[in-house]
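Commentary on secondary and tertiary structure
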Amino acid sequence: MVNVKESGVIVDPVGKRIFKGHLFISSNKIVKIVEDENAPERYILPGFVDSHIHIESSLMSCEEFSKVCAIHGTIATISDPHEIANVCGITGIEYMLKSSENSLTKMFFSLPSCVPATTFETSGAIITSNELSPFYKNDKVVSLGEVMNIPGVLSGDIDLIKKIRDAVCNGRVVDGHGPNLLGNDLIGYVNAGVQTDHESSELYEAREKLEQGMLIQIRQGSAAKDLEKLAPLVQESSEKIMLCSDDLHPDDFLKGHINRTVSFLMEKGYEIFKILSSASVNPVKLYKLPVGLLQVGDFADYIVVDSLEPDFKVLKTVVDGKTVFENGEVLKDIKQPKLINNFNINQISKQDLSIYPKKDTIRVITVKDGELLTGEIHSKIDGLGDNIVSDIENDILKIVVLNRYNKAPASIGFVKGFQLKKGAYATSVAHDSHNIIAVGVDDNVICKAINCVIDSKGGMSYYDEENCFTMTLPIGGLMSDKNYKTVVHEYEELLKVSKSSGCKLSSPFMTLSFLSLLVIPKLKIGDRGLFDYSKFDFTELFV
């Protein structure tokens, strides 16, 4: 029995045809497609798929995240709960899987392969291959998450190799994370079983990975924006390209998702079927997702848009035959999320942030807006014997990472690129282990900002020398328990007030959160000290 008929211009990504007609839907499946030249001028497309994202970076619960996905025509996401797993361990993975049951859209998951990401930082948990293996019984688990411990892969780390083999034996994809990985190291990485990569930032790098048989995920997120450079791959190798966002902060997420990337590719004039291969078909096929592609017998998963022009609007989103978004409205209420966390420290004093010089030259992390990769410069300090403080005039600011799981000394370094003239930022969203990271113009304001985060048991704060403005994140110190509109409003208000600091970065909290990501080049800082990715080891602050 046919329950629903959807009429319009059908864009078939498998048969590579565009024709007017009707979809006939019974229960949650497409049971018949009939061509009809009299069908209305609105376009029916397969829904978009984000092939790699961390829901936690949206600062939203799974439930609220799915609402925004529906608004933008994202039918399915493959999420790596790497962040909450680093905080709460296996409990964090179970939490995300359970929360996804309330989702409007189809949520699938990777199993975080590297918890902790490295042995050079303190995380809230250690997850072994034996602990991950039972999760493959869950159909929502479609891959092993980004394998970022490249030295571990190349040296044959026993437990890491077992994680890869377990994924393969269970028929799952093995996702990669190989920034600047080329040559023999790339060959070794691929031969170990890694199949995808979302870390390419240059065409030559992505092309070499394609030559080695990898599929490339073109990333367009809040901090890392690779689309403009890598877009030609959609035209060159559309059958091997997928789209992803990796990390999207709430303000960016509300503005657009994969639909925004699709619009950019349309603007470039690329063929619609090549675009849809990357945006829908390839991830569905690679990860064997139970997601429809507008074929008879498929799940009734699709979107309706007003045109095939770059400025197209999503009019309707349908998942399993049910309309979840139409005419600007999300059409289903969602349960409030439960809370989990792991936060075990008390307030600190500014004396805890003092560091005394051993030499007159220090290493300084350099940052650029919109990039995850950092650099290194060396800077002279004035005087010996005194606590080293931020040099506002030369934009060399103190940066601090504080273990949030156990009482421990603060890790202290310096960073150039924030251009703060007053105040301090602090956040418990600090990849990958999510200790507290802060930057500011002096020890007092840095201490105040950190204590605001501690008092909230997780969040983002800006201290302006008089007041502390904090966005609380009670789910793991990573996500809000509020609705998506409130999350976006609170985040935008925090950004607005924090801009009075003088910071010119477009997404300062996101940039700050990645400065503790040790598995991305070049100079980073974790809770145990400065880290040089090129050596994959600690390095001294003093040169």
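Bear in mind the structure is a predicted one, so any value in this text is a computation, not a measurement. (Residues numbered from 1 in each chain as written. Predicted model: local features only at pLDDT ≥ 70, side-chain atom pairs only at ≥ 80, totals over all residues. Heavy atoms only, no water.)

Digging into the packing of aromatic side chains
Geometrically, a pair of aromatic rings is defined through the distance of the ring centres and the angle of the planes. Selection rule: The pairing test for Phe, Tyr and Trp rings, Trp by its six-membered ring, is centres within 6.5 Å, and the orientation test on the planes gives stacked under 30 degrees, edge-to-face over 60, and tilted for anything in between. Helix numbering and strand numbering both begin at the N terminus, where a helix is a DSSP run of H or I of at least 4 residues and a strand a DSSP run of E of at least 2. Burial classification: accessible surface area is computed with a 1.4 Å probe over protein chains only, and a residue below 20% of its type maximum counts as buried, one above 50% as exposed, and the rest as partly exposed.
All chains considered together, the criterion is met by 10 aromatic pairs. Ring centres 4.9 Å apart and planes at 25° place the aromatic pair Phe65 and Phe253 in the stacked group. Residue Phe65 is found in helix α1 (residues 62-71), and its partner Phe253 is found in helix α11 (residues 250-255); the two are separated by 188 residues along the sequence. For the pair Phe65 and Phe253, one class covers both residues: buried.

Here's the deal with the side chain of Asp464
Filter applied, for reference: We treat Lys and Arg as the positive residues and Asp and Glu as the negative residues; His and chain ends play no part in the count. Note on definitions: salt bridges are taken to be side-chain nitrogens of Lys or Arg within 4 Å of carboxyl oxygens of Asp or Glu. Side-chain atoms alone can form a polar contact between residues adjacent in sequence; in general such a contact is a pair of N or O atoms within 3.5 Å, and within protein one must be able to donate a hydrogen while the other accepts it.
For Asp464, the position within the fold is in the loop between β23 (459-463) and β24 (468-472). Although Asp464 is buried, it forms no salt bridge, and the closest oppositely charged side chain is Lys422 at an N-O distance of 5.0 Å. A polar side-chain atom of Asp464 sits 3.0 Å from the main-chain amide nitrogen of Glu466. Here Asn467 takes part through its backbone nitrogen, which lies 2.7 Å from a polar atom of the side chain of Asp464.

What to know about the sheet that holds strand β11 (residues 215-219)
Here is the rule we go by: Strand pairing follows a simple DSSP-based rule, namely that at least 2 bridges must link the two strands. Any two residues having at least one pair of non-hydrogen atoms within 4.5 Å are treated as being in contact. Working convention: axes come from line fits to C-alpha atoms, limited for helices to the stretch in contact. Angles between N-to-C directions cover 0 to 180 degrees.
Pairing is parallel in the open sheet, where 3 strands are placed in the order β10-β11-β12. Only two strands of the sheet have a single neighbouring strand rather than two, namely β10 (196-197) and β12 (241-244). Both β10 and β11 contribute to a ladder of 2 bridges, which runs parallel. Among the inter-strand pairings, Asp197 is bridged to a residue of β11, identified as Ile216. Along the sheet, helix α13 (residues 272-286) contacts β10, β11 and β12; its crossing angle with β12, the most-contacted strand, is approximately 105°.

Concerning the packing of helix α12 (residues 258-267) against α13
Quick reminder of the rule: Orientation labels follow simple angle bins: below 35 degrees gives roughly parallel, above 145 gives roughly antiparallel, 65 to 115 gives roughly perpendicular, and whatever is left gives oblique. Crossing handedness follows the turn of the near helix against the far one: under a right angle anticlockwise gives a left-handed crossing, and clockwise gives a right-handed one. Here the nonpolar group is Ala, Val, Leu, Ile, Met, Phe, Trp, Tyr, Cys and Pro; Asp, Glu, Lys and Arg are the charged ones; every other residue, Gly included, is treated as polar.
Two elements in contact, α12 and α13, have axes separated by 10 Å at closest approach and are oriented at 155°. Relative to α13, the element α12 lies roughly antiparallel. Crossing of α12 against α13: the hand is right-handed. Here α12 contributes Ile258, Val262, Leu265 and Met266 to the contact with α13, which in turn contributes Ile272, Ile275 and Ala279. When the residues that make up the contact of α12 with α13 are grouped by side-chain class, the tally is 7 nonpolar, no polar and no charged.

Here we look at helix α6 (residues 158-169)
Worth spelling out the cut-off: By this rule, a helix spans an expected 1.5 Å times one less than how many residues it contains.
With 12 residues, α6 ought to run about 16 Å at 1.5 Å a step, and its terminal C-alpha atoms sit 16 Å apart, in line with that. Capping the start of α6, Asp157 holds a side-chain oxygen 3.3 Å from the backbone nitrogen of Asp159, two or three residues further along.

Some points on the pairing of strand β6 (residues 74-79)
Let me state the cut-off plainly: By convention, orient the strands away from the viewer: a clockwise path from the first strand over the helix to the second makes the crossover right-handed.
Where burial is concerned, most of β6 is hidden: 6 out of the 6 residues are buried. With 4 bridges joining them, strand β5 (residues 48-53) and β6 adopt parallel strand pairing. Bridged to Phe48 within β6 is Thr74. In this fold, β5 hands off to α1, which returns the chain to β6; that crossover is right-handed. Summarising the sheet, β6 and strand β7 (residues 106-111) pair through 4 bridges and their orientation is parallel. Across the sheet, the residue bridging to Ser79 is Phe109, located in β7.

Focus on the pattern of salt bridges
What the rule picks out here adds up to 24 salt bridges. Between Asp246 and Arg219 there is a salt bridge whose closest N-O contact spans 2.9 Å. Here Arg219 lies in strand β11 and Asp246 lies in the loop between β12 and α11, a separation of 27 residues in the sequence. Take Arg219: its relative accessible area is 4%, and that puts it in the buried class. Overlapping salt bridges, with partners in common, bring together Glu199, Arg219, Asp226 and Asp246 in one network.

A short note on unusual backbone geometry
In this model, Val115 is joined to Pro116 through a cis peptide bond whose omega is 0°. With respect to the helices and strands, the residue Pro116 is situated in the loop between β7 and α4 (129-132). For the bond from Pro521 to Lys522, the omega torsion is -5°, close enough to zero to count as cis. Tracing the sequence through the fold places Lys522 in the loop between α16 (508-514) and β25 (523-526). Of note, the phi angle at Asp395 is positive, near 55°, even though the residue is not glycine. Within the fold, Asp395 resides in the loop between β18 (375-380) and β19 (396-402). Since its relative accessible area comes to 11%, Asp395 is described here as buried. For Gln419, which is not a glycine, the phi torsion comes out positive at approximately 60°. If you trace the backbone, Gln419 turns up in the loop between β20 (411-416) and β21 (424-427). When its relative accessible area of 36% is taken as the criterion, Gln419 is described as partly exposed.

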